[in-house]
Amino acid sequence: MKQNDKIIRLAGFGMLASGFGIAALCVLFASMLLYLFGLIEGFDLLKAFGISDIVASLDFKGRAVAAFFWLMTDVLGLWLCCVAFTLFKGFRDFGVFTLEAAKRLRKIGWIIFAFSPVIILSNAFGTMAVSCLYNCNDSIEDNVRLSVSLDDTNVYAIVIGLLIVAVGHIFVEAVRLSEENEAFV
């Protein structure tokens, strides 16, 4: 089927935007790897987790644990960008109303939905693990922090993710009905 030129251009823009996201996240991962081995400075993970008042500095193990928990949401973001890239590539190459596109749209919804619990858990366990690594070896003071919080952006991620999942399910059923109608005629 010949694709509409406007759809091809817009899908190309979507591929470009999601490709930029993939590239930016890969640069972040490379930077964090360099930080992990002490080759660059500039990431204040203690401030990011809000524990700079109880943890003075991080050794290699502490940097590794902090980077692991801090990058969890970025790994999810990378997965989102990869799925979005394939979604837009499918729009460009095969059309908008395909079963694969509908399933990818649902997957994007579930990934967005997952951002909220991943953010909450990575912050909570990251704060706890890093503060424990630093303070649990001290026999005088056991100052371990666990912080769980939910803000409005977490709620928005859950709601928007579920809305996209619902649209994806509708999209799947619409594609199936369309295919049945074409097979019937």
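Preceding this paragraph is the structure being described.
The structure reproduced in this document is the subject of the present report. The model shown is predicted, which means the values in this text are computed figures rather than measured ones.

To continue, consider the pattern of salt bridges. Here the structure, examined in full by the defined rule, presents 3 salt bridges. Residue D93 is joined to K89 by a salt bridge in which the shortest nitrogen-to-oxygen separation is 2.8 Å. Note that D93 and K89 are positioned in helix 4 (residues 72-94) at a spacing of 4 residues, about one turn of the helix. Look at D93 and you get partly exposed, because its relative accessible area is 32%. D93 serves as the salt-bridge partner of R92, at 2.9 Å between the closest nitrogen and oxygen. Overlapping salt bridges bring together K89, R92 and D93 as one network.

Looking now at helix 1 (residues 5-36). The end-to-end C-alpha distance of helix 1, which contains 32 residues, comes to 46 Å, matching closely the 46 Å that a straight helix rising 1.5 Å per residue would cover. Residues of helix 1 that are buried: A11, G14, M15, S18, G21, L25, L28, S31, M32, Y35 and L36. Considering only its buried residues, helix 1 is in contact with helix 2 (45-49), helix 3 (60-70) and helix 4. The opening residue of helix 1, the one whose side-chain oxygen lies 2.7 Å from the backbone nitrogen of K6, is N4.

The N-to-C vectors of helix 1 and helix 3 enclose an angle of 165°; their axes lie 9 Å apart at closest approach. Accordingly, the angle class assigned to the pair helix 1 and helix 3 is roughly antiparallel. Judged by the twist between their axes, the crossing of helix 1 over helix 3 is right-handed. Between helix 1 and helix 3, the residues in contact are L28, M32, Y35 and L36 and F60, R63, A64, A67 and W70, respectively. Grouping the amino acids of the contact of helix 1 with helix 3 by side-chain chemistry returns 8 nonpolar, no polar and 1 charged.

What counts as what
Residues numbered from 1 in each chain as written. Predicted model: local features only at pLDDT ≥ 70, side-chain atom pairs only at ≥ 80, totals over all residues. Heavy atoms only, no water. Salt bridge = Lys/Arg side-chain N within 4 Å of Asp/Glu carboxyl O. Helix = DSSP H or I, 4+ residues; strand = E, 2+ residues; numbered from the N terminus. Buried < 20%, exposed > 50% of the residue type's maximum accessible area, 1.4 Å probe, protein only. Expected span 1.5 Å × (residues − 1). Contact = heavy atoms within 4.5 Å. Polar contact = N/O pair within 3.5 Å; in protein donor to acceptor, adjacent residues only side chain to side chain. Axes fitted to C-alpha atoms, helices over the stretch in contact; angles between N-to-C directions. Parallel < 35°, antiparallel > 145°, perpendicular 65-115°, else oblique. Left-handed = near helix turned anticlockwise from the far one by under 90°. Nonpolar A, V, L, I, M, F, W, Y, C, P; charged D, E, K, R; others polar.

Everything listed here is a matter of geometry and, on its own, says nothing about what the molecule does.
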